[in-house]
Amino acid sequence: MTRGLMMDRPLLVSSIIDFAADIRRGTEIVSARVEGDVHRTTYGDSAKRIAQLAHALSAHGVNFGDRVATLAWNGYRHFELYYAIGGIGAVCHTINPRLFTEQLIYVINHADDRLLFLETSFVKLVEGLVDRLPKDLRYVILCAPEDMPETTLPNPLCYEALLAGQQERIVWPEFEETTACGLCYTSGTTGNPKGVLYSNRSTVLHSMGLLTVADGIGLRPGQSLLPVVPLFHVNAWGLPYVMPLVGTRPVFPGPRLDGESLFTLMDQERVTAAWGVPTVWMGLLAEMRRHGRKPLGMELVLIGGSAAPAPMIEEFERDFGVDVIHGWGMTEMSPVGTVTTFGPDHDALSISERRARKISQGRRLFGMDLKIVDGTGVRLPHDGVAFGELLVRGPSVMAEYFNDPDAGLGVRDAEGWMRTGDVARIDPDGFLYIVDRSKDVIKSGGEWISSIDLENAALGHPAIRECAVIAASHPKWGERPLLIAVLEDGRTATADDVRSYLSDKVAKWWLPDDVIFTDDLPHTATGKLSKLQLRKRFGDHVLPGA
Ligand code: AMP
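Residues numbered from 1 in each chain as written. Predicted model: local features only at pLDDT ≥ 70, side-chain atom pairs only at ≥ 80, totals over all residues. Heavy atoms only, no water.

A.B. asks: Can you break down the layout of surface pockets residue by residue, with the values?
C.D. replies: Estimates place the volume of the second largest pocket at around 310 Å³. As for the second largest pocket, its lining consists of 16 residues, of which Leu197, Tyr198, Ser199, Ser202 and Val397 are closest to the centre. A per-element tally of the lining of the second largest pocket places strand S9 (residues 195–199) first, with 4 residues. Among the residues forming the lining of the second largest pocket, the class breakdown is 8 nonpolar, 5 polar and 3 charged. When residues of the lining of the second largest pocket are assigned to domains, at least three fall in each of domain 1 (14–255) and domain 2 (278–340 + 358–437). (1 Å grid on protein atoms, 1.4 Å probe; cavity = no way out; pocket = protein on both sides within 12 Å on 5 of 7 lines; lining within 4 Å. Points joined across faces, edges and corners; volume = space filled by probe spheres on them. Helix = DSSP H or I, 4+ residues; strand = E, 2+ residues; numbered from the N terminus. Nonpolar A, V, L, I, M, F, W, Y, C, P; charged D, E, K, R; others polar. Domains from an automatic or database assignment.)

A.B. asks: An account of the pairing of strand S17 (residues 369–373) is needed here, citing residue identities and associated values.
C.D. replies: Along a regular strand, successive side chains alternate from one face of the sheet to the other. Most of S17 sits inside the fold, with 4 of its 5 residues counted as buried. Examined bridge by bridge, S17 and strand S18 (residues 388–393) share 5 bridges and lie antiparallel to one another. Bridging across to S18, Val373 finds its partner in Glu389. (Buried < 20%, exposed > 50% of the residue type's maximum accessible area, 1.4 Å probe, protein only. Pairing = 2+ DSSP bridges.)

A.B. asks: Tell me what's going on with the site of the ligand, and back it up with residues and numbers.
C.D. replies: Residues in contact with the ligand amount to 15 residues; listed here are only the nearest, Gly327, Thr331, Gln361, Asp422 and Arg437. Within the backbone of Gly305, an N or O atom sits 3.2 Å from a nitrogen atom of the ligand. Here the ligand, which alone exposes 490 Å², has 91% of that area covered by the protein. Of all the secondary structure elements, the ones that give two or more residues to the shell around the ligand are strand S14 (323–329) and strand S19 (418–426). Looking at which element gives the most residues to the shell around the ligand, the answer is S14, with 4 residues. Grouping the amino acids of the shell around the ligand by side-chain chemistry returns 3 nonpolar, 9 polar and 3 charged. (Near = heavy atom within 4 Å. Polar contact = N/O pair within 3.5 Å; in protein donor to acceptor, adjacent residues only side chain to side chain. Areas by Shrake-Rupley, 256 points an atom, 1.4 Å probe, with all protein chains shown as cover.)

A.B. asks: Account for unusual backbone geometry, naming residues and giving values.
C.D. replies: Excluding glycine, residues mostly have negative phi values, and the peptide bonds linking residues are mostly trans. Cis geometry is found at the peptide bond from Ser334 to Pro335, where omega equals 10°. Structurally, the position occupied by Pro335 is in the loop between S14 and strand S15 (336–339). The backbone phi angle of Asn155 is positive, close to 40°, even though this residue is not glycine. Along the chain, Asn155 falls in the loop between strand S6 (138–141) and strand S7 (157–158). The phi dihedral of Trp237 is positive, around 55°, even though this residue is not glycine. Topologically, Trp237 is positioned in the loop between strand S10 (224–227) and helix H8 (239–246). Overall, the relative accessible area of 9% leaves Trp237 in the buried class.

A.B. asks: I'd like a rundown of the packing of aromatic side chains, residues and numbers included.
C.D. replies: For the coordinates displayed, the defined rule picks out 13 aromatic pairs. Between Trp73 and Phe122 the ring centres are 5.0 Å apart and the planes differ by 35°, which places this aromatic pair in the tilted class. Placement of Trp73 in the loop between strand S3 (67–71) and helix H3 (76–87) and of Phe122 in the loop between strand S5 (115–118) and helix H5 (123–127) is noted, with a sequence separation of 49 residues between them. The buried category is assigned to Phe122, whose relative accessible area is 7%. A network of ring pairs unites the aromatic residues Tyr43, Phe79, Tyr82, Tyr83, Tyr241 and Phe252 as a single cluster. Between the NZ or CZ atom of Arg425 and the centre of the ring of Tyr433, over which it lies, the distance is 4.3 Å. (Phe/Tyr/Trp six-rings, centres within 6.5 Å; stacked < 30°, edge-to-face > 60°. Lys NZ or Arg CZ within 6 Å of the ring centre and 35° of its normal.)

A.B. asks: So what's going on with the state of the cysteines? Residues and values would help.
C.D. replies: If you walk through the whole model with that rule in mind, you get 0 disulfides. Summary of cysteine pairing: Cys181 is not part of a disulfide, and the nearest cysteine sulfur, belonging to Cys92, is at 8.5 Å. According to the relative accessible area criterion, Cys181 is buried, its value standing at 1%. (Disulfide = S-S within 2.5 Å.)

A.B. asks: Go over the environment of Phe320, please, and point to the residues and values.
C.D. replies: Inspection of the secondary structure puts Phe320 in helix H11 (residues 310–320). Looking at Phe320, the relative accessible area reads 12%, which means it is buried. Setting aside anything within four residues of it in sequence, one finds Phe320 in contact with Leu285, Met288, Arg289, Gly292, Arg293, Lys294 and Glu315. (Contact = heavy atoms within 4.5 Å.)

A.B. asks: I'd like a rundown of the sheet that holds S18, residues and numbers included.
C.D. replies: Overall, antiparallel pairing links the 4 strands, which are arranged S17-S18-S19-S20 in an open sheet. A strand with exactly one partner marks an edge of an open sheet, and here the two such strands are S17 and strand S20 (432–437). Between one strand axis and the next, the sheet turns by 50° as a mean value, whatever way the strands run. (Axes fitted to C-alpha atoms, helices over the stretch in contact; angles between N-to-C directions.)

A.B. asks: Mind laying out the sheet that holds strand S2 (residues 38–42), listing which residues take part and the relevant values?
C.D. replies: Here we have 9 strands laid out as an open sheet, ordered S2-S1-S11-S10-S12-S13-S14-S15-S16, and mixed in their pairing. Only two strands of the sheet have a single partner each, and these edge strands are S2 and strand S16 (363–364). Across 3 bridges, the pairing between S10 and strand S12 (residues 273–276) is parallel. When the bridges of S12 are listed, Leu225 appears paired with Ala273. The sheet contacts of helix H2 (residues 43–59) involve strand S1 (28–32), S2 and strand S11 (249–252), and relative to S2 the element is tilted by about 90°.

A.B. asks: How would you summarise the nonpolar core if you had to cite specific residues and measurements?
C.D. replies: Core analysis: the biggest nonpolar cluster contains 112 residues, and Phe117, Leu219, Trp281 and Phe316 have the highest contact counts within it. Among the domains, domain 1 (14–255) and domain 2 (278–340 + 358–437) are the pair contributing at least three residues each to this core. For Leu219, the residues in contact, after removing those within four places along its chain, are Ala214, Leu225, Leu239, Val242, Met243, Val246, Thr248 and Trp275. Among the nonpolar cores identified, the runner-up in size contains 30 residues, and Val91, Val107, Leu133 and Tyr185 belong to it. (Core = buried A, V, L, I, M, F, W, Y, C linked by side-chain atoms within 4.5 Å.)

A.B. asks: Help me get a handle on the pattern of salt bridges, residues and values and all.
C.D. replies: This model, assessed by the stated rule, comprises 38 salt bridges. One salt bridge in this structure joins Glu269 and Arg40, with 2.6 Å as the shortest N-O distance. Of the two residues, Glu269 sits in helix H9 (residues 259–269) while Arg40 sits in strand S2, which places them 229 residues apart along the sequence. With a closest N to O distance of 3.4 Å, Asp45 and Lys48 form a salt bridge. Placement of the pair is Asp45 and Lys48 together in helix H2, with a separation of 3 residues, close to one helical turn. (Salt bridge = Lys/Arg side-chain N within 4 Å of Asp/Glu carboxyl O.)

Written as structure tokens, this is what we have:
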């Protein structure tokens, strides 16, 4: 082997904030805060506070490799924590406040966190857990001294007091790029949550992967992007790292994520692009309908985390002139795997042909290899027809779970690729179509029915606001689809209406055997429909004729 003669410089997250402080210095960071106001800073000033926080962490005994937890909304302080913790070689453990109590206790103990930084709005939540958290855990409340709440938390520290007086400059330590910098637990539909431990290298390379499609996904210098996707889950899809690289102006929404608050903030701050899960966009779309317009300046919405329903894509694009990008990924993948961006090869496509491809989850990012395999592990062609289990490989894909050998059993195949648990097909142009989660697909008489496709079709019914399809057991077919739907306010529909609406949209044998109407559907901590809860509630439903 002839070794290349280039410098072997480590890929560290600290270099991202150094770059932003140098090259993106004046670009604003806007945050709607728990305090109720809108806070403004710049990458340049943020870098100074990040340095102060890093010094404060070291002063409080945070060492290389220690885990430091956050329970916080999207805002400038959470952004500072990402860089200060990772920058000194510690691990930023972002906690999803929507986890169940037992899961919160589990993850804090499993991660063995040293410090927990929490928003004032989570003080009551943590007070209720404190007896079951590590005894030496220190609590830091994300506020100024005058806003420190009354609390029973033991010896709470104040974030702004911690920073005050620390030096605004830092020379970041250098260490191996494979050093961990972030930890995020999957919400875990069964068993305990599982930890995914990101490295400096995987994080930088994932950001570079996003850079290759930056323009198409709303990441442009000086333009404003609203991450509704939380910093407390999967690195807000990589945004805290890639936005400073591009020089995008973040508009962090803080705790208020309802349609009205988002609309107002986007209007005021002239947000061009927004990223989030479909449930959030249902709220924003309702508000857009009420106003009869989109928020001023809005150009693009990136929908991911669950399948983007076709009617939602249509409404954004056709009724409001907002370009939709659909993306797919997993916590275990840092997380973005694919996005629906187009290239010059697609210039000839009509609007409706493009829209048809937006139902797909898109094409892979650089650094994400995809393969689909049959039941015996043999690769299937990317012909748009064959479908099978989807596996991924790349430098920002997880190799194993954090301190959890059992959870990792069978997570990779013999060639080292990671199993996603999704079933998919891939067309010759590289567009990935997620057929279903392998656990959710309905196995009817040896044939498969995609719950995602059926939900998508049913959502086109004018009376249906949200719906889910699960398998109900059937004596003859094994499983048959059961549709559970929430109706729009003031609308009515019957099971027969819905079935007849679907009859020319899906194959006859796909038609749900029954439709149940309910007031609301359960969601997981990350905003996905909880099929597990639905199966518990409705899985024993006796189908007509069964
Ligand atoms: P999480 O790690 O919590 O983000 O969950 C990852 C899983 O969410 C994936 O394996 C998919 O099953 C699902 N998912 C994410 N994005 C999409 C999408 N755009 N369409 C369909 N499923 C998705």
